[in-house]
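Fold and geometry: a report
Listed here are the chains, written in short residue letters.
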Amino acid sequence: MLRLTSPATVVTLAALTALGPLATDMYLPAMPAMAAALDTGPDQVQLTLSLYMAGFAAAQLFCGPFSDRFGRKPVMIFGFSLFLVASLLCAFAPSIEWLLAGRFLQALGGATGPVLGRAAVRDIYGPIEAGRILSYMASTMSLAPALAPIVGAGLLVFFGWQSIFVLLAFYAAAMLPLLILALPETLPPERRQSIHPQAILANFRRLLGQRTFMGYTLTNAAAFSGLFAYLSGSSFVLIEFLGVSPFQYGLFFSLIVAGFFVGTLLSGRYSHRLGRERLVGLATLVCAAGGCLMAALALSGVFAAWAVVGPHVLFMVGVGVLMPQTMSGALAPNPHCAGAASSLFGFLQMTIAAVVGGAVAQLHDGTSLTMAIVVALGGLLAVASFLGLVRPAERAMALQQTQEL
(Lines give C-alpha, C1' and ligand atoms only; values in the text may rest on other atoms or scores of the structure.)
Protein backbone atom coordinates (compact mmCIF):
# COMPACT_ATOMS: atom_id res chain seq x y z
CA MET A 1 0.00 0.00 0.00
CA LEU A 2 1.37 3.41 -0.98
CA ARG A 3 1.94 6.19 1.58
CA LEU A 4 -0.57 9.04 1.31
CA THR A 5 2.04 11.74 0.68
CA SER A 6 4.41 9.72 -1.48
CA PRO A 7 5.15 10.82 -5.08
CA ALA A 8 3.90 7.42 -6.22
CA THR A 9 0.45 8.24 -4.80
CA VAL A 10 0.37 11.51 -6.78
CA VAL A 11 1.39 9.68 -9.97
CA THR A 12 -1.29 7.03 -9.33
CA LEU A 13 -3.95 9.70 -8.83
CA ALA A 14 -2.80 11.38 -12.06
CA ALA A 15 -3.10 8.05 -13.92
CA LEU A 16 -6.63 7.57 -12.57
CA THR A 17 -7.56 11.15 -13.47
CA ALA A 18 -6.18 10.64 -17.00
CA LEU A 19 -9.15 8.39 -17.79
CA GLY A 20 -11.18 11.52 -18.60
CA PRO A 21 -8.93 12.98 -21.33
CA LEU A 22 -8.17 9.53 -22.74
CA ALA A 23 -11.87 8.83 -23.25
CA THR A 24 -12.41 12.17 -25.00
CA ASP A 25 -9.19 12.63 -26.98
CA MET A 26 -8.20 9.18 -28.23
CA TYR A 27 -11.06 8.77 -30.67
CA LEU A 28 -11.05 12.34 -32.07
CA PRO A 29 -9.05 11.44 -35.24
CA ALA A 30 -11.50 8.60 -35.92
CA MET A 31 -14.69 10.70 -35.83
CA PRO A 32 -14.99 11.23 -39.61
CA ALA A 33 -14.26 7.51 -40.22
CA MET A 34 -16.85 6.53 -37.58
CA ALA A 35 -19.47 8.68 -39.31
CA ALA A 36 -18.80 6.85 -42.59
CA ALA A 37 -18.68 3.38 -40.99
CA LEU A 38 -21.93 3.84 -39.07
CA ASP A 39 -23.66 5.56 -42.02
CA THR A 40 -24.48 8.72 -40.10
CA GLY A 41 -23.70 12.43 -40.21
CA PRO A 42 -20.95 14.41 -38.48
CA ASP A 43 -23.49 15.92 -36.07
CA GLN A 44 -24.42 12.45 -34.73
CA VAL A 45 -20.80 11.47 -34.17
CA GLN A 46 -20.07 14.82 -32.52
CA LEU A 47 -23.04 14.05 -30.27
CA THR A 48 -21.05 11.11 -28.82
CA LEU A 49 -18.71 13.74 -27.34
CA SER A 50 -21.46 16.02 -26.03
CA LEU A 51 -23.41 13.07 -24.62
CA TYR A 52 -20.26 11.83 -22.89
CA MET A 53 -19.88 15.25 -21.26
CA ALA A 54 -23.54 15.29 -20.24
CA GLY A 55 -23.23 11.86 -18.63
CA PHE A 56 -19.94 12.88 -17.05
CA ALA A 57 -21.64 15.93 -15.55
CA ALA A 58 -24.63 13.98 -14.22
CA ALA A 59 -22.44 11.28 -12.66
CA GLN A 60 -20.45 13.85 -10.72
CA LEU A 61 -23.50 14.94 -8.76
CA PHE A 62 -23.62 11.46 -7.24
CA CYS A 63 -20.06 10.12 -7.08
CA GLY A 64 -18.75 13.05 -5.02
CA PRO A 65 -21.38 12.89 -2.24
CA PHE A 66 -21.20 9.08 -2.20
CA SER A 67 -17.42 9.29 -1.79
CA ASP A 68 -17.92 11.76 1.10
CA ARG A 69 -19.91 9.01 2.81
CA PHE A 70 -18.17 5.75 1.83
CA GLY A 71 -14.67 6.97 0.91
CA ARG A 72 -12.97 7.75 -2.41
CA LYS A 73 -11.64 4.26 -3.11
CA PRO A 74 -14.80 2.07 -3.31
CA VAL A 75 -16.60 4.59 -5.52
CA MET A 76 -13.63 4.70 -7.93
CA ILE A 77 -13.51 0.89 -8.08
CA PHE A 78 -17.18 0.80 -9.09
CA GLY A 79 -16.68 3.58 -11.64
CA PHE A 80 -13.71 1.97 -13.37
CA SER A 81 -15.55 -1.36 -13.56
CA LEU A 82 -18.50 0.32 -15.27
CA PHE A 83 -16.16 2.17 -17.64
CA LEU A 84 -14.54 -1.12 -18.67
CA VAL A 85 -17.89 -2.74 -19.60
CA ALA A 86 -19.11 0.42 -21.39
CA SER A 87 -15.90 0.64 -23.46
CA LEU A 88 -16.48 -2.88 -24.76
CA LEU A 89 -20.07 -1.90 -25.63
CA CYS A 90 -18.71 1.03 -27.67
CA ALA A 91 -16.16 -1.20 -29.41
CA PHE A 92 -18.80 -3.64 -30.64
CA ALA A 93 -21.64 -1.15 -31.21
CA PRO A 94 -23.55 -2.08 -34.39
CA SER A 95 -25.13 1.36 -34.84
CA ILE A 96 -24.78 4.98 -33.78
CA GLU A 97 -27.57 4.48 -31.22
CA TRP A 98 -25.62 1.71 -29.46
CA LEU A 99 -22.47 3.84 -29.58
CA LEU A 100 -24.30 6.76 -27.97
CA ALA A 101 -25.57 4.48 -25.19
CA GLY A 102 -22.07 3.11 -24.62
CA ARG A 103 -20.56 6.57 -24.47
CA PHE A 104 -23.12 7.67 -21.88
CA LEU A 105 -22.33 4.66 -19.69
CA GLN A 106 -18.60 5.30 -20.20
CA ALA A 107 -19.13 8.78 -18.83
CA LEU A 108 -20.99 7.54 -15.75
CA GLY A 109 -18.03 5.36 -14.81
CA GLY A 110 -15.25 7.60 -16.07
CA ALA A 111 -16.35 10.57 -13.96
CA THR A 112 -15.06 8.93 -10.78
CA GLY A 113 -11.37 9.24 -11.77
CA PRO A 114 -11.11 13.04 -12.25
CA VAL A 115 -13.67 14.00 -9.58
CA LEU A 116 -12.33 11.82 -6.80
CA GLY A 117 -8.71 12.35 -7.82
CA ARG A 118 -9.21 16.07 -7.15
CA ALA A 119 -11.00 15.37 -3.87
CA ALA A 120 -8.23 12.98 -2.78
CA VAL A 121 -5.58 15.67 -3.36
CA ARG A 122 -7.64 18.09 -1.24
CA ASP A 123 -7.93 15.38 1.47
CA ILE A 124 -4.17 14.86 1.59
CA TYR A 125 -2.62 18.29 0.99
CA GLY A 126 -5.06 20.90 2.29
CA PRO A 127 -6.22 24.18 0.72
CA ILE A 128 -2.89 25.88 -0.09
CA GLU A 129 -0.61 23.05 -1.21
CA ALA A 130 -3.40 21.40 -3.26
CA GLY A 131 -3.05 24.00 -6.04
CA ARG A 132 0.63 23.21 -6.52
CA ILE A 133 0.09 19.44 -6.41
CA LEU A 134 -2.81 19.66 -8.87
CA SER A 135 -0.57 21.65 -11.22
CA TYR A 136 2.14 18.99 -11.17
CA MET A 137 -0.48 16.25 -11.50
CA ALA A 138 -1.80 18.03 -14.58
CA SER A 139 1.75 18.18 -15.97
CA THR A 140 2.16 14.44 -15.48
CA MET A 141 -1.31 13.74 -16.81
CA SER A 142 -0.76 15.85 -19.94
CA LEU A 143 1.10 12.91 -21.48
CA ALA A 144 -2.30 11.22 -21.88
CA PRO A 145 -3.98 13.79 -24.14
CA ALA A 146 -0.68 14.40 -25.96
CA LEU A 147 -0.31 10.76 -26.96
CA ALA A 148 -4.00 9.80 -27.14
CA PRO A 149 -4.82 11.22 -30.62
CA ILE A 150 -1.58 9.85 -32.09
CA VAL A 151 -2.29 6.42 -30.62
CA GLY A 152 -5.90 6.70 -31.79
CA ALA A 153 -4.81 7.62 -35.32
CA GLY A 154 -2.43 4.64 -35.42
CA LEU A 155 -5.10 2.25 -34.18
CA LEU A 156 -7.55 3.66 -36.73
CA VAL A 157 -5.15 3.08 -39.64
CA PHE A 158 -4.06 -0.44 -38.66
CA PHE A 159 -6.99 -1.94 -36.73
CA GLY A 160 -10.08 0.25 -37.26
CA TRP A 161 -11.90 2.64 -34.96
CA GLN A 162 -13.26 -0.13 -32.72
CA SER A 163 -9.75 -0.91 -31.45
CA ILE A 164 -9.63 2.51 -29.78
CA PHE A 165 -12.40 1.52 -27.39
CA VAL A 166 -10.84 -1.89 -26.80
CA LEU A 167 -7.67 -0.12 -25.65
CA LEU A 168 -9.70 2.09 -23.31
CA ALA A 169 -11.20 -1.07 -21.80
CA PHE A 170 -7.70 -2.46 -21.26
CA TYR A 171 -6.64 0.80 -19.56
CA ALA A 172 -9.52 0.56 -17.10
CA ALA A 173 -8.72 -3.12 -16.49
CA ALA A 174 -5.09 -2.23 -15.72
CA MET A 175 -6.11 0.51 -13.28
CA LEU A 176 -8.45 -1.68 -11.23
CA PRO A 177 -5.73 -3.80 -9.52
CA LEU A 178 -3.81 -0.60 -8.76
CA LEU A 179 -6.92 0.89 -7.19
CA ILE A 180 -7.71 -2.20 -5.14
CA LEU A 181 -4.22 -3.20 -3.98
CA ALA A 182 -2.05 -0.05 -3.95
CA LEU A 183 -4.04 3.15 -3.44
CA PRO A 184 -4.80 4.04 0.19
CA GLU A 185 -8.11 5.55 1.26
CA THR A 186 -7.65 9.32 1.63
CA LEU A 187 -10.83 10.24 3.53
CA PRO A 188 -10.65 9.45 7.26
CA PRO A 189 -13.79 8.05 8.92
CA GLU A 190 -14.28 11.11 11.15
CA ARG A 191 -14.81 13.30 8.06
CA ARG A 192 -17.47 11.12 6.43
CA GLN A 193 -20.72 12.89 5.47
CA SER A 194 -24.33 11.77 5.32
CA ILE A 195 -25.80 10.80 1.94
CA HIS A 196 -29.31 11.76 2.98
CA PRO A 197 -30.75 13.81 0.09
CA GLN A 198 -31.39 16.77 2.37
CA ALA A 199 -27.75 16.82 3.50
CA ILE A 200 -26.49 16.60 -0.09
CA LEU A 201 -28.84 19.34 -1.27
CA ALA A 202 -27.86 21.51 1.70
CA ASN A 203 -24.20 21.23 0.71
CA PHE A 204 -25.01 22.05 -2.92
CA ARG A 205 -27.15 25.06 -1.92
CA ARG A 206 -24.40 26.40 0.30
CA LEU A 207 -21.82 25.99 -2.47
CA LEU A 208 -24.05 27.69 -5.06
CA GLY A 209 -24.38 30.66 -2.72
CA GLN A 210 -20.64 30.88 -2.06
CA ARG A 211 -19.10 33.58 -4.24
CA THR A 212 -15.58 32.14 -4.06
CA PHE A 213 -16.72 28.69 -5.19
CA MET A 214 -18.93 30.02 -7.99
CA GLY A 215 -16.33 32.51 -9.18
CA TYR A 216 -13.59 29.94 -9.63
CA THR A 217 -16.05 27.37 -11.02
CA LEU A 218 -17.52 29.65 -13.69
CA THR A 219 -14.09 30.98 -14.67
CA ASN A 220 -12.97 27.39 -15.16
CA ALA A 221 -16.16 26.45 -17.04
CA ALA A 222 -15.79 29.36 -19.46
CA ALA A 223 -12.21 28.42 -20.35
CA PHE A 224 -13.10 24.73 -20.54
CA SER A 225 -15.94 25.57 -22.95
CA GLY A 226 -13.39 27.11 -25.31
CA LEU A 227 -11.28 23.95 -25.03
CA PHE A 228 -14.32 21.74 -25.62
CA ALA A 229 -15.38 23.75 -28.66
CA TYR A 230 -12.00 22.84 -30.16
CA LEU A 231 -12.38 19.17 -29.16
CA SER A 232 -15.84 19.02 -30.71
CA GLY A 233 -15.05 20.71 -34.01
CA SER A 234 -11.32 20.37 -34.71
CA SER A 235 -11.30 16.92 -36.33
CA PHE A 236 -13.92 17.93 -38.89
CA VAL A 237 -12.27 21.33 -39.48
CA LEU A 238 -8.72 20.02 -39.84
CA ILE A 239 -9.36 16.62 -41.48
CA GLU A 240 -12.42 17.27 -43.65
CA PHE A 241 -12.17 21.01 -44.37
CA LEU A 242 -8.40 21.58 -44.40
CA GLY A 243 -7.41 18.11 -45.60
CA VAL A 244 -4.86 17.03 -42.98
CA SER A 245 -4.45 13.29 -42.37
CA PRO A 246 -5.57 11.64 -39.10
CA PHE A 247 -1.91 11.14 -38.16
CA GLN A 248 -1.14 14.83 -38.81
CA TYR A 249 -4.17 15.68 -36.72
CA GLY A 250 -2.65 13.70 -33.85
CA LEU A 251 0.61 15.63 -34.21
CA PHE A 252 -1.23 18.96 -34.22
CA PHE A 253 -3.12 17.86 -31.13
CA SER A 254 0.21 17.16 -29.43
CA LEU A 255 1.12 20.82 -29.97
CA ILE A 256 -2.14 21.79 -28.27
CA VAL A 257 -1.29 19.57 -25.31
CA ALA A 258 2.26 21.00 -25.23
CA GLY A 259 0.70 24.41 -24.64
CA PHE A 260 -1.32 22.96 -21.77
CA PHE A 261 1.80 21.28 -20.38
CA VAL A 262 3.73 24.57 -20.37
CA GLY A 263 0.81 26.23 -18.60
CA THR A 264 0.68 23.61 -15.86
CA LEU A 265 4.44 23.94 -15.25
CA LEU A 266 4.09 27.72 -14.97
CA SER A 267 1.13 27.24 -12.62
CA GLY A 268 3.12 24.98 -10.30
CA ARG A 269 6.28 27.09 -10.44
CA TYR A 270 4.62 30.43 -9.68
CA SER A 271 1.81 29.21 -7.43
CA HIS A 272 3.45 30.47 -4.22
CA ARG A 273 5.26 33.43 -5.76
CA LEU A 274 2.32 35.12 -7.49
CA GLY A 275 -0.61 33.60 -5.61
CA ARG A 276 -3.75 31.96 -6.92
CA GLU A 277 -5.75 35.10 -7.71
CA ARG A 278 -3.04 36.78 -9.79
CA LEU A 279 -2.24 33.58 -11.68
CA VAL A 280 -5.90 33.01 -12.60
CA GLY A 281 -6.30 36.62 -13.73
CA LEU A 282 -3.25 36.43 -16.02
CA ALA A 283 -4.37 33.05 -17.38
CA THR A 284 -7.80 34.36 -18.39
CA LEU A 285 -6.13 37.15 -20.39
CA VAL A 286 -3.97 34.58 -22.22
CA CYS A 287 -7.07 32.49 -23.02
CA ALA A 288 -8.90 35.53 -24.34
CA ALA A 289 -5.90 36.55 -26.48
CA GLY A 290 -5.61 33.10 -28.07
CA GLY A 291 -9.35 32.80 -28.72
CA CYS A 292 -9.70 36.29 -30.18
CA LEU A 293 -6.70 35.72 -32.46
CA MET A 294 -8.27 32.51 -33.84
CA ALA A 295 -11.61 34.26 -34.37
CA ALA A 296 -9.97 37.28 -36.06
CA LEU A 297 -8.14 35.04 -38.53
CA ALA A 298 -11.30 33.09 -39.35
CA LEU A 299 -13.36 36.27 -39.79
CA SER A 300 -10.63 37.56 -42.12
CA GLY A 301 -11.01 34.46 -44.28
CA VAL A 302 -7.67 32.94 -43.29
CA PHE A 303 -8.39 29.21 -43.34
CA ALA A 304 -5.24 27.21 -42.70
CA ALA A 305 -4.07 24.68 -40.12
CA TRP A 306 -1.64 27.15 -38.53
CA ALA A 307 -4.46 29.71 -38.12
CA VAL A 308 -6.41 27.16 -36.05
CA VAL A 309 -3.67 25.33 -34.17
CA GLY A 310 -1.34 28.26 -33.41
CA PRO A 311 -3.87 30.46 -31.56
CA HIS A 312 -5.25 27.45 -29.71
CA VAL A 313 -1.78 26.57 -28.42
CA LEU A 314 -1.73 30.03 -26.83
CA PHE A 315 -5.24 29.48 -25.48
CA MET A 316 -4.13 26.19 -23.93
CA VAL A 317 -1.17 27.80 -22.14
CA GLY A 318 -3.77 29.90 -20.31
CA VAL A 319 -5.94 26.82 -19.66
CA GLY A 320 -2.93 24.95 -18.21
CA VAL A 321 -2.29 27.76 -15.72
CA LEU A 322 -5.96 28.27 -14.93
CA MET A 323 -7.35 24.76 -14.48
CA PRO A 324 -5.46 23.55 -11.37
CA GLN A 325 -5.67 26.95 -9.69
CA THR A 326 -9.43 27.28 -10.17
CA MET A 327 -9.95 23.71 -8.96
CA SER A 328 -7.92 24.47 -5.85
CA GLY A 329 -9.68 27.79 -5.33
CA ALA A 330 -13.14 26.23 -5.52
CA LEU A 331 -12.29 23.41 -3.10
CA ALA A 332 -10.15 25.43 -0.65
CA PRO A 333 -12.98 26.80 1.58
CA ASN A 334 -14.80 23.44 1.67
CA PRO A 335 -12.71 20.74 3.40
CA HIS A 336 -15.76 19.21 5.11
CA CYS A 337 -17.47 18.44 1.76
CA ALA A 338 -14.61 18.27 -0.74
CA GLY A 339 -16.33 15.45 -2.65
CA ALA A 340 -19.56 17.41 -3.05
CA ALA A 341 -17.61 20.55 -4.01
CA SER A 342 -15.59 18.62 -6.60
CA SER A 343 -18.82 17.08 -7.92
CA LEU A 344 -20.65 20.36 -8.32
CA PHE A 345 -17.54 21.99 -9.80
CA GLY A 346 -17.28 19.23 -12.41
CA PHE A 347 -21.05 19.16 -13.05
CA LEU A 348 -21.18 22.84 -13.92
CA GLN A 349 -17.97 22.60 -15.96
CA MET A 350 -19.16 19.62 -18.00
CA THR A 351 -22.78 20.73 -18.40
CA ILE A 352 -21.74 24.06 -19.86
CA ALA A 353 -19.18 22.29 -22.07
CA ALA A 354 -21.79 19.79 -23.32
CA VAL A 355 -24.12 22.63 -24.32
CA VAL A 356 -21.26 24.39 -26.09
CA GLY A 357 -20.22 21.20 -27.88
CA GLY A 358 -23.79 20.62 -29.05
CA ALA A 359 -23.96 24.20 -30.35
CA VAL A 360 -20.71 23.80 -32.27
CA ALA A 361 -22.00 20.57 -33.84
CA GLN A 362 -25.33 22.11 -34.86
CA LEU A 363 -23.92 25.44 -36.12
CA HIS A 364 -20.85 24.01 -37.88
CA ASP A 365 -20.65 25.75 -41.28
CA GLY A 366 -17.97 23.56 -42.81
CA THR A 367 -15.17 26.00 -41.91
CA SER A 368 -13.34 26.95 -38.71
CA LEU A 369 -15.47 30.08 -38.14
CA THR A 370 -18.06 28.71 -35.67
CA MET A 371 -15.45 26.90 -33.60
CA ALA A 372 -13.16 29.95 -33.52
CA ILE A 373 -15.93 32.31 -32.36
CA VAL A 374 -16.93 29.94 -29.54
CA VAL A 375 -13.29 29.57 -28.41
CA ALA A 376 -12.99 33.38 -28.30
CA LEU A 377 -16.22 33.70 -26.30
CA GLY A 378 -14.90 31.13 -23.81
CA GLY A 379 -11.77 33.21 -23.20
CA LEU A 380 -13.70 36.47 -22.88
CA LEU A 381 -16.25 34.96 -20.48
CA ALA A 382 -13.39 33.60 -18.35
CA VAL A 383 -12.06 37.17 -18.01
CA ALA A 384 -15.55 38.44 -17.13
CA SER A 385 -16.09 35.73 -14.49
CA PHE A 386 -12.72 36.46 -12.91
CA LEU A 387 -13.31 40.22 -12.76
CA GLY A 388 -16.95 39.97 -11.70
CA LEU A 389 -16.76 37.13 -9.15
CA VAL A 390 -13.29 35.87 -8.24
CA ARG A 391 -11.56 39.19 -7.61
CA PRO A 392 -14.36 40.67 -5.43
CA ALA A 393 -14.61 37.41 -3.45
CA GLU A 394 -10.87 37.24 -2.81
CA ARG A 395 -10.77 40.93 -1.83
CA ALA A 396 -13.66 40.45 0.61
CA MET A 397 -11.99 37.38 2.13
CA ALA A 398 -8.68 39.23 2.54
CA LEU A 399 -10.46 42.18 4.19
CA GLN A 400 -12.30 39.87 6.59
CA GLN A 401 -9.04 38.15 7.59
CA THR A 402 -7.41 41.54 8.18
CA GLN A 403 -10.27 42.68 10.40
CA GLU A 404 -10.14 39.45 12.41
CA LEU A 405 -6.43 40.02 13.09
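This write-up is about the structure you can find in this document. (Residues numbered from 1 in each chain as written. Predicted model: local features only at pLDDT ≥ 70, side-chain atom pairs only at ≥ 80, totals over all residues. Heavy atoms only, no water.)

1. Describing the overall build of the chain
A count of helical and extended segments in the chain gives 17 helices and zero strands. Relative to its length of 405 residues, the chain is compact, with a C-alpha radius of gyration of 20 Å against a globular reference of 22 Å. For the chain, the spread of C-alpha atoms along the principal axes amounts to about 60 × 45 × 35 Å. Considering only contacts within the chain whose residues lie at least 6 apart along the sequence, 86% involve residues at least 24 apart. Summing over all exposed atoms, the chain offers an accessible surface of approximately 15100 Å²; the carbon and sulfur share of this is 72%. Side chains of the chain give 19 positive and 14 negative charges; the mean places of these two sets differ by 13 Å. (Helix = DSSP H or I, 4+ residues; strand = E, 2+ residues; numbered from the N terminus. Rg over C-alpha atoms; globule rule 2.2 N^0.38 Å. Contact = heavy atoms within 4.5 Å. Areas by Shrake-Rupley, 256 points an atom, 1.4 Å probe, with all protein chains shown as cover. Lys, Arg positive; Asp, Glu negative; His and termini not counted. Charge placed at Lys NZ, Arg CZ, Asp CG, Glu CD.)

2. Considering the packing of helix α11 (residues 211-241) against helix α15 (residues 305-331)
For the pair α11 and α15, the least separation of the axes is 9 Å and the interaxial angle reads 150°. Taken as axis vectors, α11 and α15 run roughly antiparallel relative to one another. Regarding α11 and α15, the two cross each other, and that crossing is left-handed. Considered class by class, the residues forming the contact of α11 with α15 number 18 nonpolar, nine polar and no charged. (Axes fitted to C-alpha atoms, helices over the stretch in contact; angles between N-to-C directions. Parallel < 35°, antiparallel > 145°, perpendicular 65-115°, else oblique. Left-handed = near helix turned anticlockwise from the far one by under 90°. Nonpolar A, V, L, I, M, F, W, Y, C, P; charged D, E, K, R; others polar.)

3. A few points about the environment of Gly358
Secondary-structure assignment places Gly358 in helix α16 (residues 338-363). For the pair Gly358 and Leu51, spaced 307 residues apart in sequence, the C-alpha to C-alpha distance is 8.8 Å.

4. Points about unusual backbone geometry
You will see that Asp39, though not glycine, has its phi angle at about 55°, which is positive. Looking at the secondary structure, you find Asp39 in the loop between α3 (31-37) and α4 (42-70).

5. Details of the pattern of salt bridges
Under the definition given, this model contains two salt bridges. When the shortest N-O distance is used, the salt bridge between Asp68 and Arg72 registers 2.8 Å. In terms of burial, Asp68 and Arg72 fall into one category: buried. Arg391 is the partner of Glu277 in a salt bridge, and the nearest nitrogen-oxygen pair spans 3.8 Å. One end of the pair, Glu277, is in helix α14 (residues 276-299); the other, Arg391, is in helix α17 (residues 369-404), with 114 residues separating them in the sequence. In this structure Glu277 comes out as buried when scored by relative accessible area, which is 17%. Using a relative accessible area of 36% as the deciding quantity, one classes Arg391 as partly exposed. (Salt bridge = Lys/Arg side-chain N within 4 Å of Asp/Glu carboxyl O. Buried < 20%, exposed > 50% of the residue type's maximum accessible area, 1.4 Å probe, protein only.)

6. Here's the deal with a nonpolar patch on the surface
A cluster of nonpolar side chains, namely Leu299, Ile373, Leu377, Leu380 and Leu381, defines an oily patch on the protein surface of about 460 Å² accessible area. Top element by residues in the nonpolar patch is α17. It accounts for four residues. Take Leu299: it is sitting in helix α14. (Patch = residues over 30% accessible without salt bridge, like charges linked within 9 Å, V, L, I, M, F, W, Y side chains within 5 Å.)

7. Comments concerning the nonpolar core
Counting 118 residues, the largest nonpolar core has Leu99 and Phe165 as the members making the most contacts within it. Of the residues forming this core, the biggest block, 15 residues, is contributed by α11. Ignoring sequence-local partners within four residues, the contact set of Phe165 consists of Tyr27, Met34, Ser87, Cys90, Ala91, Leu99, Arg103 and Gln106. (Core = buried A, V, L, I, M, F, W, Y, C linked by side-chain atoms within 4.5 Å.)

8. Remarks on the packing of aromatic side chains
By the definition in use, this model includes seven aromatic pairs. Taking the centre distance of 5.8 Å and the plane angle of 55° together, the rings of Tyr27 and Phe165 count as tilted. Placement of Tyr27 in the loop between α2 (19-25) and α3 and of Phe165 in helix α9 (residues 162-181) is noted, with a sequence separation of 138 residues between them. Ring plane angle 80° and centroid distance 5.5 Å describe the contact between Phe241 and Phe303, whose orientation is recorded as edge-to-face. With Phe241 in helix α11 and Phe303 in the loop between α14 and α15, this pair connects stretches of sequence that are 62 residues apart. A network of ring pairs unites the aromatic residues Tyr27, Trp161 and Phe165 as a single cluster. (Phe/Tyr/Trp six-rings, centres within 6.5 Å; stacked < 30°, edge-to-face > 60°.)

9. Focus: helix α10 (residues 197-208)
Between its terminal C-alpha atoms α10 stretches 16 Å, which fits the 16 Å expected from twelve residues at 1.5 Å a residue. Considered for burial, the residues of α10 that qualify are Ile200, Asn203, Phe204 and Leu207. Mapping the buried residues of α10 onto a view down its axis gives an arc of 95°, with all of them on the same face. Facing away from the buried side of α10 by over 90 degrees, the exposed positions are Gln198 and Arg205. (Expected span 1.5 Å × (residues − 1). Arc of directions from axis to C-beta.)

10. Overview of the side chain of Thr212
As for its position among the elements, Thr212 is in helix α11. Contact partners of Thr212, with chain neighbours within four places excluded, come to Gly329, Pro333, Ala393 and Met397.

11. What to know about helix α5 (residues 72-91)
With 20 residues, α5 should cover 28 Å at 1.5 Å per step; its first-to-last C-alpha distance of 29 Å lies within 8% of that length. Along α5, the residues that are buried comprise Arg72, Lys73, Val75, Met76, Gly79, Phe80, Phe83, Leu84, Ala86, Ser87, Cys90 and Ala91.

12. Focus: the packing of helix α1 (residues 7-17) against α9
Remark: α1 packs on α9, axes separated minimally by 11 Å, with the N-to-C direction vectors making an angle of 145°. Both α1 and α9 take part in a crossing whose hand is left-handed. Mapping the contact onto sequence places Thr12, Ala15 and Leu16 in α1 and Tyr171, Met175, Leu178 and Leu179 in α9. Here the contact of α1 with α9 is composed, by residue class, of six nonpolar, one polar and no charged.

Any functional reading would require information that these geometric values do not contain.
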